[in-house]
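Below, each chain spelled out in residue letters.
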Amino acid sequence: MTKQIDFQKYRKFVDAVTSDESRDFLALSDRLVSLDEKGANIERLITGAVGLTAEGGEVMEIVKKLVFQGKKWDEETIFHLKRELGDVCFYMMELCIALDVTIDEIVEMNVEKLESRFPNGEFEVFYSENRKEGDV
């Protein structure tokens, strides 16, 4: 038995739980100004985050076609993946600039996080699914 969905009611619910900054240009503008005043390099953060997500999606699109749609694993596909990975790097660097951090620092932080998460130095399902408090 399938429950009937009232999409008008759902629409009102979604609107009610959406932040002012997501619904109102002036609230968004005020938030951007506030973040800028606090030192956030918001234009680079937005550029980097949007670009990283979009380019990551393009990489996934190629992988999706390889796995589910019969795309050939050949030099052209590999080249395409490398080009898209370059775009991912571009937007990652935008985020590094926004955060005033080097890629070396980011990799170092990632290694520290993973060493803490996987105390035996190798992947274990238990630690992957059962994280310590504060492990994000």
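Small disclaimer: the values here were computed from a predicted structure and weren't measured. Sequence order sets the numbering: in each chain, residues are counted from 1 along the sequence as written. Given that the model is predicted, a residue must reach a pLDDT of at least 70 before its local features are reported, and side-chain atom pairs must reach 80 or more before they are shown or counted; all residues, however, enter totals for whole chains, interfaces and linings. The side-chain quantities take in all heavy atoms of the structure and omit both hydrogens and water.

Segments assigned H or I by DSSP are reported as helices when at least four residues long, segments assigned E as strands when at least two residues long, and all are numbered from the N terminus. Inspection of the secondary structure puts glutamate 55 in helix 4 (residues 42-68). Every residue pair with non-hydrogen atoms within 4.5 Å of one another is taken to be in contact. If we skip the residues at most four places from it in the chain, glutamate 55 touches Glu84, Asp87, Val88 and Tyr91.

Further remarks concern a negative patch on the surface. Exposure above 30% relative accessible area and no salt bridge define the residues that can form patches, which grow by joining like charges within 9 Å and nonpolar side chains of Val, Leu, Ile, Met, Phe, Trp and Tyr within 5 Å. Shrake-Rupley sampling with a 1.4 Å probe provides the accessible areas, and residues are treated as covered by the protein chains on show and by no other component. Any carboxyl oxygen of Asp or Glu within 4 Å of a side-chain nitrogen of Lys or Arg constitutes a salt bridge here. Lys and Arg are tallied as positive, Asp and Glu as negative. Neither His nor the chain termini are counted. Here the site of a charge means atom NZ of a Lys, CZ of an Arg, CG of an Asp or CD of a Glu. Judged by side-chain charge, Asp100, Asp104, Glu105, Glu108, Glu112 and Glu115 come together as a negatively charged surface patch. Assessed through its relative accessible area of 72%, aspartate 100 is described here as exposed. Burial here depends on accessible area, computed with a 1.4 Å probe over protein chains only, as a share of the maximum for the residue type. Under 20% is buried, over 50% is exposed, and the range in between is partly exposed.

Within the element layout of this structure, glutamate 124 appears in the loop between helix 6 (103-117) and helix 7 (125-129). Measuring from C-alpha to C-alpha, the distance between glutamate 124 and alanine 98 comes to 34 Å, with 26 residues separating the pair along the chain. Residues adjacent in sequence count toward polar contacts only when both atoms are side-chain atoms; beyond that, a polar contact is any pair of N or O atoms within 3.5 Å, and within protein one must be able to donate a hydrogen and the other to accept it. Of the polar contacts made by the side chain of glutamate 124, one reaches the side chain of asparagine 120; its length is 2.5 Å.

What follows is about the environment of phenylalanine 25. Secondary-structure assignment places phenylalanine 25 in helix 3 (residues 25-37). Here phenylalanine 25 falls in the exposed class, since its relative accessible area comes to 63%. The spacing of phenylalanine 25 and isoleucine 78 is 53 residues in sequence and 42 Å in space, taken between C-alpha atoms.

Further remarks concern a nonpolar patch on the surface. Taken together, the side chains of Ile5, Phe7, Tyr10, Phe13, Val14 and Val17 present a nonpolar region at the surface, about 640 Å² in accessible area. Look at tyrosine 10 and you get partly exposed, because its relative accessible area is 48%.

The geometry of a pair of packed helices is captured by two quantities: the angle between their axes and the separation between those axes. For helices, the fitted line uses only the C-alpha atoms of the stretch in contact; every axis is such a line through C-alpha atoms, and the angle between N-to-C directions lies from 0 to 180 degrees. Where helix 4 contacts helix 5 (residues 75-99), the axes come no closer than 8 Å and their chain directions differ by 160°. Between helix 4 and helix 5, the angle is such that the two are roughly antiparallel. With respect to the hand of their crossing, helix 4 and helix 5 are arranged in left-handed fashion. Tallied by class, the residues present in the contact of helix 4 with helix 5 amount to 16 nonpolar, six polar and six charged. To sort the angles, those under 35 degrees are grouped as roughly parallel, those over 145 as roughly antiparallel, those from 65 to 115 as roughly perpendicular, and the leftovers as oblique. Should the near helix be turned counterclockwise from the far one by less than a right angle, the crossing is left-handed, whereas a clockwise turn marks it as right-handed. All residues other than Ala, Val, Leu, Ile, Met, Phe, Trp, Tyr, Cys, Pro, Asp, Glu, Lys and Arg, Gly among them, are scored as polar; the first ten of these are nonpolar and the last four charged.

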